[in-house]
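# Descriptive analysis of the structure
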Amino acid sequence: MPVTEPAASVTLEAVELRVLHLPLVSPFTTSFGTETVREVIVVRARTTDGEGWGEIVTQHEPSYSSEYTHGAWDVAQRFLIPALLEARTFAPEDVAGILEPVIGHRMVKGGLELAVLDAALRAQGRPLGQYLGAVRDRVPSGVSVGIQHDPAALVDAVGAYLAEGYVRIKIKIKPGRDVADTAAVRDAFGGIPLQVDANSAYTLADIDTLAELDRFDLLLIEQPLQEDDLVDHATLARRLRTPVCLDESIVSLKAARDALALGSASVVNIKAGRVGGYLEGVRIHDLCRDAGVPVWCGGMLETGIGRAANAALAALPGFTLPGDISASSRFYTRDIVTEPAVLEDGQVRVPTGPGLGVEIDPVALDEATVERVEVRT
Ligand code: SMG
Ligand code: MG
């Protein structure tokens, strides 16, 4: 639960959804593929007291998780938004319970909850960071670097991000592009804070290769095995000196509790979308803080909406490692908010205005929109 006072109730009149296509400044390659355009859904909750914005962080294809744009688009209109419209007047803290009868679809639920939360907090004049329990006014900014053509190109890309001031580098790895890529970055830049993310690309058969990464003194290795491999992650964690961090596997507070109990992870990546919303993210933060497990805020190439909310979440006290909260310009030439996140001395500011604390740029939003629908009672 939020550490502070509950938010006010809203009376929901309609929900607008838009599919956006935002061109990326450069292709982003992970172990499961390459993206050149970010396809994402934004949510506008219309209430009797004003509106609020959220972001559904699904991607075009179900590769990072089972969720994807048009599955989200369907379940939101067919089941989730009607359930909220039926409830009509409720507090943001009630959203997860109202949506609970629908199994899964956590990214969609998280995006809807954020829009309701933004509407409620804007109406009260309360910043999201303050509501969630933020203790910092800016957060350290790490950058996630995709797989490049070869290790030399990776060194060039990392060098450019370090020159911009990013305080932590994460490189994506996959079988065949792991030890040599990591060695190249270590050789070129010495003891920079460095971590790797496999996006589930390995199995326990690769344990010897993964153990070779121990010599690079990484902050962590993120999600080496499959989403449901909690037991195998525990086996791997016992063998590696590099801390194992889970991303895809941590789909809920319960999954986080299981992972900690099994010893599957000693660090947790918290992504609000993946766990069904910012409030569940706070609960996982609280669990990990009480267990002495460090957490950091993951990213899903968010627009200015989710990026503002991520900065607020990452300002909670248990977020002791830099998050994937880069400047908007790391991904986009034109964001959909009027003041996109910028890098200042390696940090990103936590917005202080009401709600998300960012304003939508209606022209940029319209230009990026490829599909739009409004659901009302
Ligand atoms: O938003 O900076 C960001 C992206 C960070 O690498 C990132 N996200 O597995 O952590 C992850 C990936 C998920 C998206 S991959 C397309
Ligand atoms: Mg990851």
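These numbers come from a predicted model, not from an experiment.

A few words on the side chain of Thr242. As for its position among the elements, Thr242 is in the loop between helix 8 (230-239) and strand 10 (244-246). Only 2.6 Å separates the side chain of Thr242 from the side chain of Asp214, close enough to count as a polar contact. Residues contacting Thr242, with those up to four places away along its chain left out, are Leu213, Asp214, Leu218, Leu220 and Ile221.

Below, the discussion takes up the coordination of the magnesium ion (ligand 2). The magnesium ion (ligand 2) binds to the protein through Asp197 (OD), Glu222 (OE) and Asp247 (OD); the donor distances cover 2.0 to 2.3 Å. All donors of the magnesium ion (ligand 2) belong to a single chain; written as a sequence motif, their spacing is D-x24-E-x24-D. Of this pair, Asp197 sits in strand 8 (residues 194-197) while Asp247 sits in the loop between strand 10 and helix 9 (253-262), and the two are 50 residues apart along the sequence. Overall, the relative accessible area of 1% leaves Asp197 in the buried class.

Below, the discussion takes up the packing of helix 5 (residues 151-164) against helix 6 (residues 179-189). It is at 9 Å that the axes of helix 5 and helix 6 come closest, and there the two elements cross at 45°. The angle between helix 5 and helix 6 falls in the class oblique. The two elements helix 5 and helix 6 meet at a crossing, and its hand is right-handed. Here Pro151, Leu154, Val155, Val158, Gly159 and Leu162 of helix 5 lie close against helix 6, whose contacting residues are Ala180, Asp181, Ala184, Val185, Ala188 and Phe189. Per-class residue counts for the contact of helix 5 with helix 6 are 10 nonpolar, 1 polar and 1 charged.

On to the environment of Asp206, then. Mapping Asp206 onto the fold places it in the loop between strand 8 and helix 7 (207-212). The partly exposed category is assigned to Asp206, whose relative accessible area is 23%. As for Asp206 and Gly133, which are separated by 73 residues in sequence, their C-alpha atoms are 41 Å apart.

As a further point, take the sheet that holds strand 7 (residues 168-172). Ordered in space as 6-7-8-9-10-11-12, the 7 strands form an open sheet in which the pairing is parallel. Unpaired on one side and paired on the other, strand 6 (142-145) and strand 12 (295-297) mark the two borders of the sheet. Relative to strand 12, strand 11 (residues 267-270) runs parallel, the two being bridged by 3 bridges. Bridging across to strand 12, Ile270 finds its partner in Cys297.

Rules behind the numbers
- Residues numbered from 1 in each chain as written.
- Chains lettered and ligands numbered in written order.
- Predicted model: local features only at pLDDT ≥ 70, side-chain atom pairs only at ≥ 80, totals over all residues.
- Heavy atoms only, no water.
- Helix = DSSP H or I, 4+ residues; strand = E, 2+ residues; numbered from the N terminus.
- Polar contact = N/O pair within 3.5 Å; in protein donor to acceptor, adjacent residues only side chain to side chain.
- Contact = heavy atoms within 4.5 Å.
- Donors = N, O, S within 2.8 Å, 3.2 Å for Na, K, Ca; no water.
- Buried < 20%, exposed > 50% of the residue type's maximum accessible area, 1.4 Å probe, protein only.
- Axes fitted to C-alpha atoms, helices over the stretch in contact; angles between N-to-C directions.
- Parallel < 35°, antiparallel > 145°, perpendicular 65-115°, else oblique.
- Left-handed = near helix turned anticlockwise from the far one by under 90°.
- Nonpolar A, V, L, I, M, F, W, Y, C, P; charged D, E, K, R; others polar.
- Pairing = 2+ DSSP bridges.

Spatial relationships are all this shows, so hold off on functional conclusions.
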